[in-house]
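Structure at a glance
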Amino acid sequence: MAANTRWTKLNWEDPFELDAQLTEEQRMVRDSARQYAQQALQPRVKEAFRTSKPLTRLFFAKWVKWSLPGQPSKGTAVRWTMSAMA
């Protein structure tokens, strides 16, 4: 390695610096999706995990409504339990 190489500290929140490549509109969508997931989805997932109960169809219907990534496609049978999702 060259002696004059300068290393910057790795940003663990965004290691590939993808945030810098987003437009303002894309950041707004990301922030809205994150806020919705933390306020509406996360409490239900935690409760389902604590009680070992499967998530309801309503949970997935709301997920589909927001078109969040990783969601089940419409028409698929949703019978996942938290252990299957982990």
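Read on for a plain summary of the structure. Please read these numbers as outputs of a predicted model, since none were measured by experiment.

Here we look at the overall build of the chain
Secondary structure summary: the chain contains three helices and zero strands in total. In the chain, the order of α-helices and β-strands from amino to carboxyl end is α-α-α. Per-residue burial over the chain gives 16% buried out of 86 residues. Taking contacts inside the chain between residues at least 6 apart in sequence as the whole, the part at least 24 apart equals 38%. For the chain, the exposed surface amounts to about 7,600 Å²; the carbon and sulfur share of it is 56%.

Section: helix α1 (residues 24–51)
A rise of 1.5 Å per residue sets the reference length of α1, with its 28 residues, at 40 Å; its end C-alpha atoms lie 40 Å apart and thus fit the reference within 8%. Of all the bends in α1, the largest measures some 45° and sits at Leu-41, one to four residues before the proline Pro-43. Listed as buried for α1 are Ala-33, Tyr-36, Leu-41 and Ala-48. Downstream of α1 by a residue or two, Ser-52 has a phi angle that is positive, lying close to 60°.

Description of the pattern of salt bridges
The full count for this structure, using the stated rule, is five salt bridges. One salt bridge connects Glu-47 with Arg-50, and the closest N-O pair in it is separated by 3.5 Å. Residue Glu-47 and its partner Arg-50 are both found in helix α1; the two are separated by three residues, about one turn of the helix. Classification of Glu-47 by relative accessible area gives partly exposed; the value is 41%. We classify Arg-50 as exposed; its relative accessible area is 60%. The structure contains a network of salt bridges with shared partners spanning Asp-19, Glu-24, Arg-27, Arg-30 and Asp-31.

So, the side chain of Asp-14
Its location among the elements puts Asp-14 in the segment before α1. An unpaired buried charge is present at Asp-14: no salt bridge exists, and Arg-30, the closest side chain of opposite charge, is 6.6 Å distant. At 2.8 Å, the side chain of Asp-14 forms a polar contact with the backbone nitrogen of Asp-19. Filtering out sequence-adjacent residues up to four positions away, Asp-14 remains in contact with Asp-19 and Ala-20.

Scoring rules and cut-offs
- The residue numbers shown here count from 1 along each chain, following its written sequence.
- Reporting in this predicted model follows two pLDDT cut-offs: at least 70 for local features of residues, and 80 or more for side-chain atom pairs to be given and counted; totals over whole chains, interfaces and linings ignore these cut-offs and use all residues.
- With hydrogens and water excluded, all non-hydrogen atoms of the structure serve as input to the side-chain values.
- Helix and strand definitions follow DSSP, with helices as H or I runs of at least four residues and strands as E runs of at least two, each counted in order from the N terminus.
- Relative accessibility decides the category of a residue: with a 1.4 Å probe and only protein chains considered, values under 20% of the type maximum give buried, values over 50% give exposed, and everything between is partly exposed.
- For this analysis, residues touch if any pair of their heavy atoms sits within 4.5 Å.
- Computed with a 1.4 Å probe, the accessible areas rest on the Shrake-Rupley method; for each residue, only the protein chains presented here act as cover.
- Given the number of residues in a helix, its expected span is that number minus one, multiplied by 1.5 Å.
- We define the bend at each residue as the angle formed by axes fitted to the 7 residues ending at it and the 7 residues starting at it.
- Whenever a carboxyl oxygen of Asp or Glu lies within 4 Å of a side-chain nitrogen of Lys or Arg, that contact is scored as a salt bridge.
- Think of it this way: Lys and Arg go in the positive column, Asp and Glu in the negative one, and His and the chain ends go nowhere.
- As used in this structure description, the phrase polar contact means that two N or O atoms lie within 3.5 Å; if the pair is within protein, one of them must be able to donate a hydrogen and the other to accept it, and residues adjacent in sequence are counted only when both atoms belong to side chains.

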